[in-house]
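Next come the chains, spelled out residue by residue.
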Amino acid sequence: MKAWAALCGAASVALGGCFSAPTPLAPGLAGSVGMPNSGVQTDALELPVRGKGFERYRPEGRNHWGRPRLVQALTRIAAEIDDELPGGKLVIGDLAARHGGRIPGHASHRSGRDVDLLFYTTTPAGAPLPSPGFVRFEADGLALVPDSNSYVRLDVARVWLLVKKLVTAPEVGVQFLFVSRAVEARVSDYARARGEPLELVYQAQTVMLQPGDSLPHDDHLHLRIACSPEETIAGCSGGGPYWEWLPPLPSNQLESQALLEAIAADEPLAPLEVAPPIEPVAEPGSLPVARGAD
Ligand SMILES: [Zn+2]
């Protein structure tokens, strides 16, 4: 009830109405509800402050709640990258508030489907380096760190591994990876030079996008996951396309080939057998009285 009350408040602000309250008309809304830039969420999972291969950009932050499948995938993928290319660290920015709704500094990040991922970085010579924060990478792959007046390099090997793992994780269902054109070019050039499968590179290039209506995302990667079919039924919506390589949507086709053929043949149905009339059964205690006896 408390959660729904908070949700109702958030939704009221964002949408001018409490559309997500459980009513007889919409009893099943749960999980990621509504759009990334106007939604809310229930049953969110919080990203831990740190774990194998990752840490939060804001350890004390309150906006690290997201869809459980997203949070679990981030921790799993960070740990795998730490095993395969040890030495780097994935620094993870904001997800969403526990119950979703508007959070400072973001237009979206409201329904548990968005997360900011800082780029893996190295020294200019290529040694892994913890991310210095939101620093802007130029087309040459270098970023100036204003505090120290020094440069860091985009760690394209780990960034590609991250993109690849996100795109190929069936439970993630990447809708978009918002990123600048310059970073996208470096990452996809690297993937092609490595001889990665063309279909994978195509999918990565398709989801990587420099948004036209917000900052160019040259200082972080913004991951948005698509609504799963189950989530869509429960109120999740929008934010981009449902790509054809994501897990298939439920089909309304008949499973049985035999049934399909029978329908296609359009043969008249066999006449129903008419059941014989049912003999009336006497109820216990009301046995007919033998008429000849009276
Ligand atoms: Zn973001």
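Residues numbered from 1 in each chain as written. Predicted model: local features only at pLDDT ≥ 70, side-chain atom pairs only at ≥ 80, totals over all residues. Heavy atoms only, no water.

J.: Sorry, what's going on with the coordination of the zinc ion here?
T.: For a metal with four tetrahedral donors the ideal donor-metal-donor angle is 109.5 degrees, whereas six octahedral donors ideally subtend 90 or 180 degrees. Every protein donor of the zinc ion is accounted for by His 109 (NE2), Asp 116 (OD) and His 222 (ND1), and the metal-donor separations fall at 2.0 to 2.3 Å. Classification of His 109 as buried rests on a relative accessible area of 1%. (Donors = N, O, S within 2.8 Å, 3.2 Å for Na, K, Ca; no water. Buried < 20%, exposed > 50% of the residue type's maximum accessible area, 1.4 Å probe, protein only.)

J.: Is there a simple way to think about the sheet that holds strand β9 (residues 121–122) in this case?
T.: Strand pairing in a sheet relies on backbone hydrogen bonds. The paired strands run either parallel or antiparallel. The four strands are arranged β10-β9-β12-β11 in an open sheet whose pairing can be described as antiparallel. Unpaired on one side and paired on the other, β10 (128–129) and β11 (142–145) mark the two borders of the sheet. Examined bridge by bridge, β11 and strand β12 (residues 150–154) share four bridges and lie antiparallel to one another. Considered in β12, the bridge of Val 145 is made with Ser 150. (Pairing = 2+ DSSP bridges. Helix = DSSP H or I, 4+ residues; strand = E, 2+ residues; numbered from the N terminus.)

J.: Help me understand the packing of aromatic side chains, please; the structure alone is not making it clear to me.
T.: For any pair of aromatic rings, the description consists of the separation of the ring centres together with the inter-plane angle of the planes. Under the counting rule described, the total for this entry stands at six aromatic pairs. Ring geometry for Phe 119 against Phe 137: centres 5.6 Å apart, planes inclined by 85°, an arrangement best described as edge-to-face. In this pair, Phe 119 is assigned in the loop between β8 (114–117) and β9 and Phe 137 in the loop between β10 and β11, connecting sequence segments 18 residues apart. A residue is classified by how much of its surface remains accessible, and Phe 119, at 3% relative accessible area, is buried. For Phe 137, a relative accessible area of 4% translates into the label buried. Their ring planes at 5° and their centres at 5.5 Å tell us that Trp 243 and Trp 245 sit as a pair that is stacked. Cluster of aromatic residues (ring-pair linked, three or more members): Phe 176, Phe 178, Tyr 202, Trp 243 and Trp 245. (Phe/Tyr/Trp six-rings, centres within 6.5 Å; stacked < 30°, edge-to-face > 60°.)

J.: Any chance you could explain the state of the cysteines here in plain terms?
T.: Each disulfide consists of a covalent bond between the sulfur atoms of two cysteine residues. For the structure on display, the rule yields one disulfide. Two residues, Cys 227 and Cys 236, share a disulfide whose sulfurs are 2.1 Å apart. On the sign convention where negative means left-handed, the S-S torsion of about -80° between Cys 227 and Cys 236 marks this disulfide as left-handed. Owing to a relative accessible area of 3%, Cys 236 belongs among the buried residues under this scheme. (Disulfide = S-S within 2.5 Å.)

J.: Quick question: what am I supposed to make of the pairing of β8 here?
T.: Of the two faces of β8, both are covered, the one formed by Asp 114 and Asp 116 as well as the one formed by Val 115 and Leu 117. Relative to strand β15 (residues 221–225), β8 is paired through four bridges, and the arrangement is antiparallel. If you follow Val 115 over to β15, its bridge partner there is Leu 223.

J.: What should I look at first to understand the pattern of salt bridges in this one?
T.: Between side chains of opposite charge, a pair can form as their charged atoms come close. Within the structure shown, the criterion is met by 14 salt bridges. Across the salt bridge formed by Asp 94 and Arg 58, the nearest N and O atoms sit 3.0 Å from each other. Taken as a pair, Asp 94 in the loop between β7 (90–92) and β8 and Arg 58 in the loop between β5 (54–56) and β6 (65–66) lie far apart in primary sequence, 36 residues in all. For Arg 136, the salt bridge identified is with Asp 218, shortest N-O distance 3.0 Å. Taken together, the residues span a long stretch of sequence, with Arg 136 in the loop between β10 and β11 and Asp 218 in the loop between β14 (208–209) and β15 at a distance of 82 residues. Assessed through its relative accessible area of 11%, Asp 218 is described here as buried. Among the ionic contacts, a cluster of salt bridges with common partners joins Arg 76, Glu 80, Glu 84, Lys 165 and Glu 171. (Salt bridge = Lys/Arg side-chain N within 4 Å of Asp/Glu carboxyl O.)

J.: When you look at helix α5 (residues 198–207) in this model, what are you seeing that I'm missing?
T.: Side chains three or four residues apart in an α-helix point the same way, a direct result of the helix having 3.6 residues per turn. Within the span of α5, buried status applies to Leu 200, Val 201, Gln 203, Ala 204 and Val 207. Down the axis of α5, the sector holding all buried residues measures 160°, keeping them to one side. Looking at α5, the residues exposed on the side facing more than 90 degrees away from the buried face are Leu 198 and Glu 199. Taken together, the buried residues of α5 touch α3 (156–168), β13 (174–178), α4 (181–193) and β14. (Arc of directions from axis to C-beta. Contact = heavy atoms within 4.5 Å.)

J.: How should I be thinking about unusual backbone geometry in this particular structure?
T.: Phi is mostly negative for residues that are not glycine, and the peptide bonds are mostly trans. Located in the positive-phi region is Asp 43, a residue other than glycine, with phi close to 55°. Structurally, the position occupied by Asp 43 is in the loop between β2 (40–41) and β3 (45–46). Judged by its relative accessible area of 59%, Asp 43 falls in the exposed class. The phi torsion at His 217 lies on the positive side, around 60°, for a residue other than glycine. For His 217, the position within the fold is in the loop between β14 and β15.

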